[in-house]
Number of protein chains: 2
Amino acid sequence: MDERLRIPKPTARRLSLYLRELEALKEAGLVSINSTQLGKALGFTGAQVRKDFATFGTFGRPGVGYSVFHLCGTIKQIMGTDRTWDVAVVGAGKIGLAITTYPRFIDRGFKVVAIFDNNPNIIGTTVTNHKVRPVADMTRIIPLRDIRLAILAVPVTVAQELADRLVASGITGILNFAPVRLRVPDGIGVSSVDFSRSLEQLALETSIDFC
Amino acid sequence: MDERLRIPKPTARRLSLYLRELEALKEAGLVSINSTQLGKALGFTGAQVRKDFATFGTFGRPGVGYSVFHLCGTIKQIMGTDRTWDVAVVGAGKIGLAITTYPRFIDRGFKVVAIFDNNPNIIGTTVTNHKVRPVADMTRIIPLRDIRLAILAVPVTVAQELADRLVASGITGILNFAPVRLRVPDGIGVSSVDFSRSLEQLALETSIDFC
DNA sequence: CGTTGTGAAATGATTCACAGCT
DNA sequence: AGCTGTGAATCATTTCACAACG
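Residues numbered from 1 in each chain as written. Chains lettered and ligands numbered in written order. Predicted model: local features only at pLDDT ≥ 70, side-chain atom pairs only at ≥ 80, totals over all residues. Heavy atoms only, no water.

A. Structural detail: the overall build of chain A. Within chain A, the secondary structure is distributed over 8 helices and 9 strands. Seen through its principal axes, chain A has C-alpha atoms that stretch 65 × 45 × 35 Å. Among the 211 residues that make up chain A, the fraction classed as buried is 50%. Taking as baseline every contact in chain A between residues at least 6 positions apart, the subset at least 24 positions apart corresponds to 56%. Distance between charge centroids for chain A: 3 Å, based on 26 positive and 19 negative side chains. (Helix = DSSP H or I, 4+ residues; strand = E, 2+ residues; numbered from the N terminus. Buried < 20%, exposed > 50% of the residue type's maximum accessible area, 1.4 Å probe, protein only. Contact = heavy atoms within 4.5 Å. Lys, Arg positive; Asp, Glu negative; His and termini not counted. Charge placed at Lys NZ, Arg CZ, Asp CG, Glu CD.)

Quick look at the structure:
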């Protein structure tokens, strides 16, 4: 369908911000928006917005701006969130549970469909309609349901081992909450959330003048 | 003490990764490390590592490498985590509670010392020794305890308003979990964690070849 | 020797500025 | 008139390559 698409990393990171803003504008009934306005709402310049959009096609109407509806659709399609992704959660500790019940996933195109843990006291309990299953079941369930994305919320010590097993089961993207750099094969995506690192960035900004 | 320090943003982001790795190496008893090894462990080139360290001084010994101990100390000092930062948590929902009890903060230089919420059913309950207080108390407690960092884990609809109140109370850095861009005055740091965005990045990487 | 520290070169991203479309 | 799309210019970051050093 699309030939060969190369999106610079910074542009890729901004895409979800554009989408978030555009969905809000659509909700508010706005039909079209120009690059300057959209940029101002997100803290970018108009030129930045236009360059970003130009990487994946030509949409704007000179003198008018961009169709909010069309842009939403196109960005969702590029990000792959025009469909719903099934997600597996590994680790039913506090973070795993909080994320499993996170209410904003579903209208953004993600649906938690399975939860795994190794703690015998937790296995079998129910979280939002899903029985917590032993991690040993991962290898069976993930290919069976053709799950591609996983959320890894386990202790640092076992994170790499479980990541390996996820990849072996067919997962192509891991959202990692353990403060460790996961080694994964080429073609597998990892996106990490490290609460301590985030706080450290704040401490640094507060300590040094300009970063 | 230091004259005027300018750290490029990408370097700043890598600093906490260096620290994490170096602490592990120190723990393992390693005395010195060279830029190539350290880089390999984190996925950077040796030149990158040396340039990064060069932004804040001259440490390495040609022919030998860097003192793990010295480097840890220096990076911590620059990041401001050679002391412990008191942190306030706003929002005692699932995410707020998970983060309040997150066990890895303390040895990274952060300590949750107060929790606020507005839900009458939650106010007064106890989480890890801390009574959940009404948000109205923020304005009093934060200056009183001289708290600089806050974790904001509240619904999108009230995030901006609470951010304003945090800033007014003297907070200089906010770790934001709400999927919204917070508007804050110059000099106030914001670092955001958006679970949906993180998953979207993975979906995008899985959909497109190279980002 | 092996490894740092650093100018110089290469790459990458952002901003400028304006021709051209509606 | 107003705003897009985009080459050209600027700015930032990374990589190269090597002299200097312990």
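Now that the structure has been shown, the text picks up again.
B. Spatial organisation of the protein's contact with DNA strand D. Every one of the 24 residues lining DNA strand D counts as a neighbour, but Ser-35, Arg-50, Gly-60, Gly-63 and Tyr-66 of chain A are closest to it. Near-protein atoms of DNA strand D (within 4 Å) split between backbone and bases, with sugar and phosphate holding 61%. Interatomic distance of 2.9 Å between a side-chain N/O atom of Arg-14 of chain B and a phosphate oxygen of DNA strand D. Of all the secondary structure elements, the ones that give two or more residues to the surface near DNA strand D are α3 (46-54) of chain A together with α1 (9-27) and α3 (46-54) of chain B. Looking at the surface near DNA strand D, the element that brings in the most residues is α3 of chain B, giving 4 residues. Of the residues that constitute the surface near DNA strand D, the class distribution is 8 nonpolar, 8 polar and 8 charged. (Near = heavy atom within 4 Å. Polar contact = N/O pair within 3.5 Å; in protein donor to acceptor, adjacent residues only side chain to side chain. Nonpolar A, V, L, I, M, F, W, Y, C, P; charged D, E, K, R; others polar.)

C. Structural detail: a positive patch on the surface. A cluster of like positive charges, contributed by Arg-6, Lys-9 and Arg-13 of chain A together with Arg-6, Lys-9 and Arg-13 of chain B, occupies part of the molecular surface. Mapped onto the elements of the fold, Lys-9 of chain A is located in helix α1 (residues 9-27). (Patch = residues over 30% accessible without salt bridge, like charges linked within 9 Å, V, L, I, M, F, W, Y side chains within 5 Å. Areas by Shrake-Rupley, 256 points an atom, 1.4 Å probe, with all protein chains shown as cover. Salt bridge = Lys/Arg side-chain N within 4 Å of Asp/Glu carboxyl O.)

D. Summary view of the interface of chain B and chain A. Tallying the contact residues gives 67 residues for chain B and 67 residues for chain A. A buried area of about 5,900 Å², summed over both sides, lies between chain B and chain A, and 61% of it is on carbon and sulfur atoms. Summed over the three residues of chain B that lose the most area to chain A, namely Phe-195, Leu-199 and Glu-200 of chain B, the buried surface amounts to 11% of that side. Where chain B touches chain A, the interface holds 4 salt bridges. One salt bridge connects Arg-108 of chain B with Glu-200 of chain A, and the closest N-O pair in it is separated by 3.2 Å. Linking chain B to chain A there are 20 residue pairs in polar contact (both at pLDDT 80 or more). Per element, the largest residue contribution to the side of chain B that touches chain A is 13 residues, and it comes from helix α8 (residues 195-207) of chain B. For the side of chain B that touches chain A, the class distribution of residues is 37 nonpolar, 14 polar and 16 charged. (Buried area = accessible area lost by both parts, 1.4 Å probe.)

E. Here's a closer look at helix α8 (residues 195-207) of chain A. Residues and elements named next belong to chain A. For α8, which comprises 13 residues, the first-to-last C-alpha distance of 18 Å matches the rise-based estimate of 18 Å (1.5 Å per residue) to within 8%. Restricting attention to buried positions, one finds in α8 the residues Phe-195, Ser-196, Ser-198, Leu-199, Glu-200, Gln-201, Leu-202, Ala-203 and Leu-204. The opening residue of α8, the one whose side-chain oxygen lies 3.1 Å from the backbone nitrogen of Ser-196, is Asp-194. (Expected span 1.5 Å × (residues − 1).)

F. Local environment of helix α7 (residues 156-169) of chain A. Residues and elements named next belong to chain A. Over its 14 residues, α7 extends 20 Å from the first C-alpha to the last, a length consistent with the 20 Å expected when each residue adds 1.5 Å. Looking at α7, one finds that the buried residues are Ala-159, Leu-162, Ala-163, Leu-166, Val-167 and Ser-169. Considering only its buried residues, α7 is in contact with β3 (85-90), α6 (138-144), β7 (149-152) and β8 (173-176). Count one or two residues on from α7 and you reach Gly-170, which has phi positive near 115 degrees.

G. A look at the pattern of salt bridges. Residues and elements named next belong to chain A. With the rule as written, the count across this model stands at 18 salt bridges over all chains. A salt bridge links Glu-23 to Lys-26; its shortest N-O distance comes to 3.6 Å. Here Glu-23 pairs with Lys-26, and both are found in helix α1, just 3 residues apart, close to one helical turn. In this structure Lys-26 comes out as partly exposed when scored by relative accessible area, which is 31%. The closest approach of N and O atoms between Asp-137 and Arg-140, which form a salt bridge, is 3.8 Å. Because the salt bridges share partners, they merge into one network encompassing Glu-23, Lys-26 and Lys-76.

H. Focus on the relation of the copies chain B and chain A. At an RMSD of 0.0 Å, chain B and chain A line up after a rotation of 180 degrees and a shift of 0.0 Å along the axis. Put plainly, the chains are arranged around a two-fold axis. Looking at chain B, 100% of its interface residues are interface residues in chain A too, so the copies touch through the same face. (Least-squares fit on C-alpha atoms with pLDDT ≥ 70 in both.)

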